[in-house]
Amino acid sequence: MYRKLNPILHSQLRLAVISLLINVKDADFTYIKEKTGATSGNLSVQIDKLSEADYITVNKFFKGKKPKTVCKITKNGIKAFEEYVNNLKNYIGIG
Amino acid sequence: MKNNEKNFNPVESIKLIDDMINTAKGNIKDGSFYFLLWAWIVIAGSLGHYILLKFTNFEHPYIGWSVIFVGIILSMIHGFMQSKRDKVTSHFEKVYILIWFAFLISYFIIALFMSKINYQITPIVFIMSANATFLSGVIIKFKPLIFGGIFMWIASIVTFCLSPENQLLSIPVIVAFGYLIPGYILKYKERKDV
């Protein structure tokens with residue numbers, strides 16, 4: 001039986017962000033923007049949604065005079081991603 | 001491109017995950033810098049020691065190795081500049097740094113007590129270098145470094161059988177094959193990947 005895919009992750013940009021963060025310790029906003037090809041505005045909105053779901057943590061601070069936003073996946077995020085991938089496997093018949 | 005959420009099917013999801021994971025893979029930045037810097041530092045140190053020992057009456061020929069401090073300072077400056085530029089930290093990077101930190105700690109302990117092991121420091125340092133180089137190669141999935149590590153393990157066995165003077169001369173050759181060649185291949189690969 002197919003399980004519904006997690007709607008928070010089943011979005012191109014949010015899934016791209018989570019897939020990127022699963023492989024690194026943490027990543028800067030500009031790095032995520034560069035790799036996903038998203039606009040700053042859209043990326044901010046999607047990052048907020050992931051943060052509200054407790055899938056990522058967002059740390060904003062100043063490094064020297066420059067503001068920095070660093071994102072990091074949480075344990076909940078890792079669990080949700082793993083479940084999402086397992087459900088995907090079921091859908092395409094490799095699970 | 002990622003703003004369009006229509007027709008986003010499971011196969012596309014898998015492809016997107018795959019693309020993003022590949023994007024972030026092997027994020028060891030400027031890895032070749034340290035290999036090349038330390039290869040040249042060690043070559044300079046060993047040749048300096050050998051020249052002072054063989055061709056001068058200088059009482060402390062091992063002073064040639066003080067070039068190591070130049071390497072430490074240059075590594076620290078490079079690391080500091082890099083941390084200012086970095087936008088991402090990979091899981092591998094932390095392990096990679098810790099491997100070489102462990103090497104440095106072990107090196108200083110051995111250097112401090114070398115009189116207790118009959119000054120047989122060269123083969124032991126090669127064993128430790130082989131460990132760190134081999135593991136670095138495994139972590140960044142880069143075969144020339146893995147082979148460099150294996151080569152240094154074999155070289156350490158050979159250096160155990162050499163006289164201290166010949167050990168000094170063997171260092172540049174071993175470092176050339178263990179560090180320099182893999183380091184330059186890594187540098188070439190980094191340029192190609194940019």
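Residues numbered from 1 in each chain as written. Chains lettered and ligands numbered in written order. Predicted model: local features only at pLDDT ≥ 70, side-chain atom pairs only at ≥ 80, totals over all residues.

Asker: Please explain the confidence of the model for chain A as it appears in this structure.
Answerer: For residues with low pLDDT, the predicted coordinates do not support detailed interpretation. Model confidence for chain A is summarised by a mean pLDDT of 89, while 95% of its residues fall at 70 or above. Of all the helices and strands in chain A, strand S1 (residues 24-28) of chain A carries the lowest mean pLDDT, 89, while helix H3 (residues 40-52) of chain A carries the highest, 95. (pLDDT = per-residue confidence, 0-100. Helix = DSSP H or I, 4+ residues; strand = E, 2+ residues; numbered from the N terminus.)

Asker: Before we go on, may I ask you to explain the sheet that holds strand S3 (residues 66-73) of chain A in this structure?
Answerer: The strands that make up a sheet are held in pairs by hydrogen bonds between backbone atoms, and each pair lies either parallel or antiparallel. An order of S2(A)-S3(A)-S1(A)-S1(B) is seen for the four strands of this open sheet, with the pairing classed as antiparallel. Strands at the two margins of the open sheet, each flanked by one partner only, are strand S2 (56-63) of chain A together with strand S1 (88-90) of chain B. Each neighbouring strand pair of the sheet contributes to a mean axis angle of 20°, computed without reference to strand direction. Pairing geometry for S1 of chain A and S1 of chain B, over three bridges, is antiparallel. (Pairing = 2+ DSSP bridges. Axes fitted to C-alpha atoms, helices over the stretch in contact; angles between N-to-C directions.)

Asker: Sorry if this is basic, but what is going on with helix H5 (residues 121-139) of chain B here?
Answerer: Residues separated by three or four positions in an α-helix point in the same direction, a consequence of the helix having 3.6 residues per turn. Residues and elements named next belong to chain B. Between the first and last C-alpha of H5 there are 27 Å, a value that for 19 residues agrees with the 27 Å anticipated at 1.5 Å per step. Here H5 has its buried residues at Thr122, Val125, Phe126, Ser129, Ala130, Ala132, Thr133, Phe134, Ser136 and Gly137. Just past H5, the residue Lys141 takes up positive phi, approximately 50°. (Expected span 1.5 Å × (residues − 1). Buried ≥ 20, exposed ≤ 12 C-beta atoms within 10 Å, placed from the backbone.)

Asker: How should I be thinking about the interface of chain B and chain A in this particular structure?
Answerer: Many descriptions give the size of an interface as the accessible area lost when the pieces come together. On the side of chain A, 25 residues touch chain B, which itself brings 23 residues to the contact. Among the secondary structure elements, those contributing two or more residues to the side of chain B that touches chain A are helix H1 (10-24), S1 and helix H4 (91-112) of chain B. In terms of residues, the side of chain B that touches chain A owes the most to one element, H1 of chain B, which gives 10 residues. The residue inventory of the side of chain B that touches chain A, partitioned by class, reads 11 nonpolar, seven polar and five charged. (Contact = placed C-beta atoms within 7 Å. Nonpolar A, V, L, I, M, F, W, Y, C, P; charged D, E, K, R; others polar.)

Asker: Is there a simple way to explain the packing of H5 of chain B against helix H6 (residues 143-160) of chain B in this structure?
Answerer: Packed helices, taken two at a time, are described by the angle between their axes plus the distance between the axes. Residue and element names in this part refer to chain B. Two numbers describe how H5 lies on H6: the axes approach to 7 Å, and their chain directions differ by 165°. Classed by the angle they form, the pair H5 and H6 counts as roughly antiparallel. Our pair here, H5 against H6, has a crossing hand that is left-handed. Each of Thr122, Pro123, Phe126, Ile127, Ser129, Ala130, Thr133, Phe134, Ser136, Gly137 and Val138 in H5 lies in contact with H6, whose residues at this interface are Lys143, Leu145, Ile146, Gly148, Gly149, Ile150, Met152, Trp153, Ala155, Ser156, Thr159 and Phe160. Looking at the contact of H5 with H6 residue by residue, the classes come out as 13 nonpolar, nine polar and one charged. (Parallel < 35°, antiparallel > 145°, perpendicular 65-115°, else oblique. Left-handed = near helix turned anticlockwise from the far one by under 90°.)

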